[in-house]
Amino acid sequence: MGAPRPAAFGILPSPMIIDGKLIAAKVRSEVAEAVRALGAVGIAPGLAVVRVGEDPASAIYVRGKRKDCEEVGIRSVEHHLPATTSQADLLALVAQLNADPTIHGILVQLPLPKHLDERTVLDAIDPRKDADGFHPFNVGALSIGIPGTPRPCTPAGVMRLLEEAKVDPKGKRALVVGRSNIVGKPMAAMLLEKHATVTIAHSRTQDLAAEVARADILVAAIGKAELVRGDWIREGAVVIDVGMNRLEDGRLVGDVEYAPAARRASAITPVPGGVGPMTRAMLLVNTIELARARAR
């Protein structure tokens, strides 16, 4: 994570690049230390990942998560089921994992095949083993400020990036672009928890450019390539780009037009290498916290 250079001869300073890879490595180191401490008292944290079907992106994500677990010493168990798996069989596996004392965290990789009801499956996970933080109990706990419950990994990763970049949301105008249950809504709740004044923009927001121009902190998570124009960014704003979009020429870009945004921002995340590594790292954090809670 580089520090911004001072302005010279009227040229704007370069932004701080918030390096998600570097910060995620720091988080993994912290988790590895926590795993060793739990091992000293006879607790071996375990994460179960359930994957249904042959979605290529899901296979890549799961391999990455297993690699992360191996690096930090968390026991990772993958249950790979055929695409034809019935709802009843999938729910039976979830119930089995809920009852398994060696499993502290459960993650069902999304998307599921269309004949399966994602909401029903996620609701069936014991909230005390909800590694993704998607169970309605944990969503509600976040909403009303109950501490000690797992938080959705991507927004939690964003908050850690802001912390590492020494960005205090208190009193700042924060704009979240996107209102998904996975990122947008919990992101707004976490920023509000840190005393930011929060606005959520979405596909029906009438003047997105004006909303962006008012934001001290911008979190873009709408899933549309370079939707947020760089020249909309407020001078000195902090830009966190959650988006990951592949263009026809094969390039990966975020939801924010990076180069012109970087000329105006005081700090910005790259794509790739910004929020993505943090999402995986925070899954490890959730697993450790769930293991600690079960031990208590």
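Source: prediction; values computed, not measured.

**Student:** How do you make sense of the overall build of the chain when you look at a structure like this?
**Tutor:** Along the chain, the regular secondary structure elements total 10 helices and 11 strands. The C-alpha atoms of the chain give a radius of gyration of 20 Å, which matches the 19 Å a tight globule of 296 residues would have. Projected onto its principal axes, the C-alpha coordinates of the chain cover approximately 65 × 45 × 40 Å. Per-residue burial over the chain gives 47% buried out of 296 residues. Across the chain, contacts joining residues at least 24 apart in sequence account for 69% of those joining residues at least 6 apart. When the accessible area of the chain is evaluated, it comes to approximately 14400 Å², of which 56% is carbon and sulfur surface.

**Student:** I would appreciate a short explanation of the sheet that holds strand S5 (residues 173-177) in the present structure.
**Tutor:** Note: strands within a sheet are paired through backbone hydrogen bonds, in either parallel or antiparallel orientation. Judged by pairing direction, the sheet is parallel, and its six strands sit side by side in the order S1-S11-S8-S7-S5-S6 without closing on themselves. Bordering the open sheet on either side are strand S1 (16-17) and strand S6 (197-201), each of which pairs with just one other strand. Where S1 lies against strand S11 (residues 267-268), two bridges are found, and the strand directions are parallel. Opposite Ile17, over in S11, you have Ile268 as the bridge partner. Running at roughly 170° to S5, helix H7 (residues 184-193) makes contact with S5, S6 and strand S7 (217-220) of the sheet.

**Student:** Would you take a moment to explain the sheet that holds strand S2 (residues 46-52) for this structure?
**Tutor:** If you walk across this open sheet you meet the three strands as S3-S2-S4, and the pairing is parallel. In the strand order of this sheet, the two ends are held by strand S3 (75-81) and strand S4 (105-108), each with one partner. Direction aside, neighbouring strands of the sheet carry axes that sit 15° apart on average. Pairing between S2 and S4: four bridges, direction parallel.

**Student:** I keep staring at the pairing of S5 and nothing clicks. Help me out?
**Tutor:** Regular strands have side chains that alternate between both faces of the sheet. Counting buried positions along S5 gives four out of five residues, so the element sits mostly inside the fold. Bridge count between S5 and S6: five bridges; the pairing is parallel. Of the residues in S6, the one forming a bridge with Ala174 is Val198. Between the parallel pair S5 and S6, the chain is carried across by H7, and the sense of this crossover is right-handed. Strand direction decides the pairing type here: S5 and S7, joined by four bridges, are parallel. Residue pairing in the sheet places Val177 in a bridge with Ala220 of S7.

**Student:** What is the right way to look at the layout of surface pockets in this model?
**Tutor:** The method is simple in principle: a probe with the dimensions of a water molecule rolls over the atoms, and the space it marks as empty is what remains. Counted as a void, the largest pocket has a volume near 1400 Å³. For the largest pocket, the lining is made up of 46 residues, of which Tyr61, Thr154, Met244, Gly276 and Thr279 are closest to its centre. Secondary-structure elements contributing two or more residues to the lining of the largest pocket are helix H1 (20-40), helix H2 (56-72), S4, helix H6 (153-164), strand S9 (245-246) and helix H10 (275-295). The dominant element in the lining of the largest pocket, judged by the number of residues it contributes, is H2, at seven residues. In terms of residue class, the lining of the largest pocket is made up of 24 nonpolar, 12 polar and 10 charged. Each pocket or cavity is described by its volume, and for the second largest pocket that value is around 630 Å³. If you go around the second largest pocket, you meet 23 residues; those closest to its centre are Arg151, Ala156, Met159, Glu193 and Met282. Elements with a contribution of two residues or more to the lining of the second largest pocket: H6, H7 and H10. Looking at the lining of the second largest pocket residue by residue, the classes come out as 11 nonpolar, three polar and nine charged.

Criteria and thresholds
- Residues numbered from 1 in each chain as written.
- Predicted model: local features only at pLDDT ≥ 70, side-chain atom pairs only at ≥ 80, totals over all residues.
- Heavy atoms only, no water.
- Helix = DSSP H or I, 4+ residues; strand = E, 2+ residues; numbered from the N terminus.
- Rg over C-alpha atoms; globule rule 2.2 N^0.38 Å.
- Buried < 20%, exposed > 50% of the residue type's maximum accessible area, 1.4 Å probe, protein only.
- Contact = heavy atoms within 4.5 Å.
- Areas by Shrake-Rupley, 256 points an atom, 1.4 Å probe, with all protein chains shown as cover.
- Pairing = 2+ DSSP bridges.
- Axes fitted to C-alpha atoms, helices over the stretch in contact; angles between N-to-C directions.
- Right-handed = clockwise from strand over helix to strand, strands pointing away.
- 1 Å grid on protein atoms, 1.4 Å probe; cavity = no way out; pocket = protein on both sides within 12 Å on 5 of 7 lines; lining within 4 Å.
- Points joined across faces, edges and corners; volume = space filled by probe spheres on them.
- Nonpolar A, V, L, I, M, F, W, Y, C, P; charged D, E, K, R; others polar.

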